[in-house]
Amino acid sequence: MGHGRWRFLFAALVPALVLHVVFVLSPYAQAFYLSLTDWTGVAGQAHFVGVDNYARLGVDPLFLDAVRNNAIMLLVVPAATIGLGLFLASMLHRGGRGLRGGSAYQIVYFFPQLLSLVIVAVLWGFVYNPNTGLLNSGLRAIGLGALAHSWLAEPRFALAAVMAVLVWSSVGFYVVLFRAAIDGIPGELFEAARLDGAGGWSSFRHVTLPLVRENVQVAFVYLGIAALDGFAVVQVMTVGPGGPDGATEVVGLSLYRTAFSYGKFGYASAMGVALFFATLTLAILALRTGRRERPATRGGQA
Amino acid sequence: MTAPLPARVSTEVDTGRVRGANPLPQIAMFCWAVVTALPLLWAVVSSVKSDDEILNHPWPPPATPHFDNWVRAWTAADIGRYFLNSLIVVGGALLLTMLLGSLAAYALARYRFRGNRLLYHTFVAALFFPVFLALVPLFFVVDRLGLLGTYPGLILVYAAYAVPFTVFFLHAFFGTLPTEIAEAAVLDGCSHGAVFFRVMLPLARPGLVAVGIFNFLGLWNQYLIPLVLNPDPDRYVLAQGLAALSVSQGYRSDWGGLFAGLTIAMLPVLVAYVAFQRHIRAGMTAGAVK
């Protein structure tokens, strides 16, 4: 039996491990080395340049635009999504009394979460279309035509338009998540708060919020990682892409363009390493005070 | 706090805020439902409108539905081909992921050997890394293997990036299964492989279905990986083809065809959601709640 055991373990683990090492681990490891070279894709032509690539990142105006935009997204997208998600989840719960049609609402809200961000981006590209889009024609129809804009072509609106799409696509997930968390709070706590004369807002602040804090932390990590990406939406939806004038540039897009349009693979790898450390810092900061750490469940979505 | 509340008191409190008297929750929920559903419905309705109706009357439904948009999208705009490519790649990757992922998860969950924990963490650590970091070297690894722009190349890479989550999910699942049946099977002379395929896999079916659905959705929605590794337009997957179409079609201005393509691309996910919505919502949020 001992012999068969090892043979089985070998057969069970080696294929997955080979795949993992070749296509996942080795690329991740190579990225760190490549980021220290000036490699342009020609075998044997890579020179070790130390931290030169990183020094260049610090003065590259387009990359700095990207960092600024990702930073704004990091502040706005999780806050808006979590805020809306918590608000809608509390409305659904109503201190334990539930809401008519609540489960139907959750089904509708959740659907955009399942769509590819590319499809979401194509859809919202239509919605934002200056002449024929749902948004502007809707505004004109209700007499607010003065508010119509070329949402994706005007620098002051473009990033907000991108962020709105990210929020739109993920709020449903967090409504369901927070609803489940709020359902886990003992009903007596809400009863007690009500007896003490607490209104909706103050029972939300003093009962709901403290007891779903861990879920909010996890949500912040997921959303923060999504906000550090933004690639698909920006690449498909915006002018340029990344425009107008760098207004929607994100690090992922800079990396993709630097590597696969300009062939500066070493420099692009440095961007990847920078993004990696940003992600890592975010996850550590957000989870440091939490007691549990769990990997993202949207694994396949890469 | 554990003592039941006197009925009179709680009624009094309840009458203070009569059931349904506060319309705010319903209004809030309804508004967000409109914000969520309206763009989706609008796209579906637009997919059967003429270009003239789309350009000049964006809101009202069509005078007569133009299903020829769908036909044109499927054939002339190659959505049919992209759909088939997605099916081949996602189907192949899903099979490979489930086979390799369940084997690895089972071996790591049910056998004790040196390096077990290290191997498990080697797989799971990949869940925390941004794919962008791997992108450049991955391109050259696939290129050197001669797999750039091929079905096997995409299948292998898709599977490689889906295995860590599969191992993570099924590792926990196999850990909860009873050991007695497997032990009895071994005593009856079953080989380790036979125990896995004949006893453990059938027992693990609910877990396999759940992780299979997540993998399907995740793989079907891939964009970044095919964008980099799949440059041949004949082999574009659906998301990739639709993105390319929305850029080029803007100049050829077949709006109806483009909306039809978008709607066709949303359908498989909608079908999966309608069929499995309870599983999907419960499972996707399970990792983040207790």
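Each value, and the rule that gives it
Residues numbered from 1 in each chain as written. Chains lettered and ligands numbered in written order. Predicted model: local features only at pLDDT ≥ 70, side-chain atom pairs only at ≥ 80, totals over all residues. Heavy atoms only, no water. Buried < 20%, exposed > 50% of the residue type's maximum accessible area, 1.4 Å probe, protein only. Helix = DSSP H or I, 4+ residues; strand = E, 2+ residues; numbered from the N terminus. Arc of directions from axis to C-beta. Phe/Tyr/Trp six-rings, centres within 6.5 Å; stacked < 30°, edge-to-face > 60°. Lys NZ or Arg CZ within 6 Å of the ring centre and 35° of its normal. Domains from an automatic or database assignment. Contact = heavy atoms within 4.5 Å. Buried area = accessible area lost by both parts, 1.4 Å probe. Nonpolar A, V, L, I, M, F, W, Y, C, P; charged D, E, K, R; others polar. Patch = residues over 30% accessible without salt bridge, like charges linked within 9 Å, V, L, I, M, F, W, Y side chains within 5 Å. Areas by Shrake-Rupley, 256 points an atom, 1.4 Å probe, with all protein chains shown as cover. Salt bridge = Lys/Arg side-chain N within 4 Å of Asp/Glu carboxyl O. Core = buried A, V, L, I, M, F, W, Y, C linked by side-chain atoms within 4.5 Å. UniProt positions renumbered as here; feature names shortened; annotations may be inferred. Axes fitted to C-alpha atoms, helices over the stretch in contact; angles between N-to-C directions. Parallel < 35°, antiparallel > 145°, perpendicular 65-115°, else oblique. Left-handed = near helix turned anticlockwise from the far one by under 90°. pLDDT = per-residue confidence, 0-100. 1 Å grid on protein atoms, 1.4 Å probe; cavity = no way out; pocket = protein on both sides within 12 Å on 5 of 7 lines; lining within 4 Å. Points joined across faces, edges and corners; volume = space filled by probe spheres on them. Polar contact = N/O pair within 3.5 Å; in protein donor to acceptor, adjacent residues only side chain to side chain.

### A few points about helix H8 (residues 187-195) of chain A
All names here are of chain A.
Item 1. Of the residues making up H8, those classed as buried are Phe-190, Ala-193 and Arg-194. Along the axis of H8, the buried positions cluster into a sector of 100°, meaning they face one direction only.
Item 2. Phi turns positive one or two residues past the end of H8, at Gly-197, with a value near 85°.

### Comments concerning the packing of aromatic side chains
Item 1. Under the counting rule described, the total for this entry stands at 45 aromatic pairs over all chains.
Item 2. Judged by centre distance (5.4 Å) and plane angle (70°), the ring pair of Tyr-106 of chain B and Phe-174 of chain B falls under edge-to-face. Placement of Tyr-106 of chain B in helix H5 (residues 79-110) and of Phe-174 of chain B in helix H8 (residues 151-176) is noted, with a sequence separation of 68 residues between them.
Item 3. A connected cluster of aromatic rings, assembled from ring pairs, spans Trp-39, Phe-231, Tyr-256, Phe-260 and Phe-265 of chain A together with Phe-132, Phe-139, Phe-140 and Tyr-223 of chain B.
Item 4. In this structure, Arg-56 of chain A packs its charged tip against the face of Tyr-267 of chain A, placed 4.1 Å from the ring centre.

### Re the domain arrangement of chain B
Residue and element names in this part refer to chain B.
Item 1. Segmenting chain B into domains produces domain 1 (26-66) and domain 2 (78-288).
Item 2. Spacing between the C-alpha centres of domain 1 and domain 2 amounts to 33 Å.
Item 3. Listed by partner, the interface residues are 10 residues for domain 1 and nine residues for domain 2.
Item 4. The junction of domain 1 with domain 2 conceals about 710 Å² of combined surface from both sides, 76% of it contributed by carbon and sulfur atoms.
Item 5. When the buried area of domain 1 at its contact with domain 2 is split by residue, Ala-43, Ser-47 and Asp-51 rank highest and sum to 49% of it.
Item 6. Of all the elements in the fold, those that place two or more residues in the side of domain 1 that touches domain 2 are helix H2 (24-46) and helix H3 (51-56).
Item 7. Here the residues of the side of domain 1 that touches domain 2 are counted per class, giving six nonpolar, two polar and two charged.

### Observations concerning a nonpolar patch on the surface
All names here are of chain A.
Item 1. Together, Phe-32, Phe-277, Leu-280 and Ile-284 make up an exposed nonpolar region whose accessible area comes to about 340 Å².
Item 2. In terms of residues, the nonpolar patch owes the most to one element, helix H13 (residues 265-287), which gives three residues.
Item 3. For Phe-32, a relative accessible area of 30% translates into the label partly exposed.

### Considering the nonpolar core
Item 1. Within the largest apolar cluster, 200 residues are counted, with the highest numbers of intra-cluster contacts made by Tyr-161 and Phe-174 of chain B.
Item 2. Sorting elements by how many residues they give to this core places helix H7 (residues 155-183) of chain A first, with 18 residues.
Item 3. When residues are assigned to domains, this core turns out to be shared by domain 1 (26-66) and domain 2 (78-288) of chain B, each giving three or more.

### Considerations on the UniProt feature "transmembrane region" (unreviewed entry) in chain A
Residues and elements named next belong to chain A.
Item 1. Cross-referencing UniProt, the feature "transmembrane region" (unreviewed entry) maps to residues 71-92, 104-127, 157-177, 219-238 and 265-287 in the present numbering.
Item 2. Note that residues 104-127 is 92% helix and 0% strand, and that its end C-alpha atoms are spaced 25 Å apart.
Item 3. Segment residues 265-287 splits into 100% helix and 0% strand. End C-alpha atoms: 33 Å apart.

### Description of the packing of helix H12 (residues 251-260) of chain A against H13 of chain A
All names here are of chain A.
Item 1. Running from N to C, H12 and H13 point in directions that differ by 160°, and their axes come no closer than 8 Å. Between H12 and H13, the angle falls in the class roughly antiparallel. As for how H12 packs across H13, the hand of that crossing is left-handed. Along the contact surface, H12 presents Val-251, Ser-254, Leu-255, Thr-258, Ala-259 and Phe-260, while H13 presents Phe-265, Tyr-267, Ala-268, Met-271, Gly-272 and Leu-275.
Item 2. Here the residues of the contact of H12 with H13 are counted per class, giving nine nonpolar, three polar and no charged.

### A few points about the confidence of the model for chain A
The predicted coordinates ought not to be read in detail in places where the model reports low pLDDT.
Item 1. With 94% of its residues at a pLDDT of 70 or more, chain A has an overall mean of 88.
Item 2. Across chain A, element-level confidence peaks in H12 of chain A with a mean pLDDT of 95 and bottoms out in helix H9 (residues 200-211) of chain A with 86.

### Notes on the side chain of Ser-254 of chain A
All names here are of chain A.
Item 1. Along the chain, Ser-254 turns up in helix H12.
Item 2. Among the residues examined, Ser-254 registers a relative accessible area of 4% and is labelled buried.
Item 3. When neighbours within four sequence positions are excluded, Ser-254 is seen to be in contact with Leu-62, Phe-63, Ala-66, Glu-249 and Met-271.

### Quick word on the layout of surface pockets
Item 1. Roughly 810 Å³ of internal volume is contained in the largest pocket.
Item 2. If you go around the largest pocket, you meet 32 residues; those closest to its centre are Val-236, Met-237 and Thr-238 of chain A together with Ser-246 and Val-247 of chain B.
Item 3. Breaking the lining of the largest pocket down by element, the ones donating at least two residues are helix H5 (117-127) and helix H11 (231-237) of chain A together with helix H13 (238-252) and helix H14 (255-286) of chain B.
Item 4. For the lining of the largest pocket, a count of residues per class yields 23 nonpolar, nine polar and no charged.

### A few points about the interface of chain B and chain A
Item 1. Contact with chain B, which involves 107 residues of that partner, is made by 106 residues of chain A.
Item 2. Together, Met-29, Trp-32 and Phe-132 of chain B form the three largest contributors to the area buried by chain B at its contact with chain A, with a combined 8%.
Item 3. Our enumeration of links across chain B and chain A arrives at zero salt bridges.
Item 4. Linking chain B with chain A are 15 residue pairs in polar contact (both at pLDDT 80 or more), by the criterion used here.
Item 5. If you tally residues by element for the side of chain B that touches chain A, the top one is H2 of chain B, at 16 residues.
Item 6. Classifying every residue of the side of chain B that touches chain A by side-chain character gives 86 nonpolar, 14 polar and seven charged.

### Notes on the UniProt feature "transmembrane region" (unreviewed entry) in chain B
Residue and element names in this part refer to chain B.
Item 1. If you check UniProt for "transmembrane region" (unreviewed entry), the listed places come out as residues 27-45, 82-106, 118-142, 154-174, 195-220 and 255-276 in our numbering.
Item 2. Between the end C-alpha atoms of residues 27-45 there is a gap of 25 Å, over a span that is 100% helix and 0% strand.
Item 3. End C-alpha atoms of residues 195-220 are separated by 32 Å, and the span's content is 96% helix alongside 0% strand.

### Description of the packing of helix H9 (residues 180-187) of chain B against helix H10 (residues 192-203) of chain B
All names here are of chain B.
Item 1. The contact between H9 and H10 brings their axes to 10 Å, and the two run at 165°. Accordingly, the angle class assigned to the pair H9 and H10 is roughly antiparallel. Relative to H10, H9 is oriented so that their crossing is right-handed. Contacts between H9 and H10 involve Ile-181, Ala-182, Ala-185 and Val-186 from the first element and Val-195, Val-199, Met-200 and Leu-203 from the second.
Item 2. By residue class, the composition of the contact of H9 with H10 is eight nonpolar, no polar and no charged.

### Brief notes about the pattern of salt bridges
Item 1. Within this structure, the stated rule accounts for nine salt bridges over all chains.
Item 2. We note a salt bridge from Arg-257 of chain A to Glu-249 of chain A, for which the minimum N-O separation is 3.1 Å. For the pair formed by Arg-257 of chain A and Glu-249 of chain A, the shared burial category is buried.
Item 3. The closest approach of N and O atoms between Arg-72 of chain B and Asp-254 of chain B, which form a salt bridge, is 2.7 Å. Of this pair, Arg-72 of chain B sits in helix H4 (residues 68-75) while Asp-254 of chain B sits in the loop between H13 and H14, and the two are 182 residues apart along the sequence.
Item 4. For Arg-72 of chain B, a relative accessible area of 28% gives the class partly exposed.

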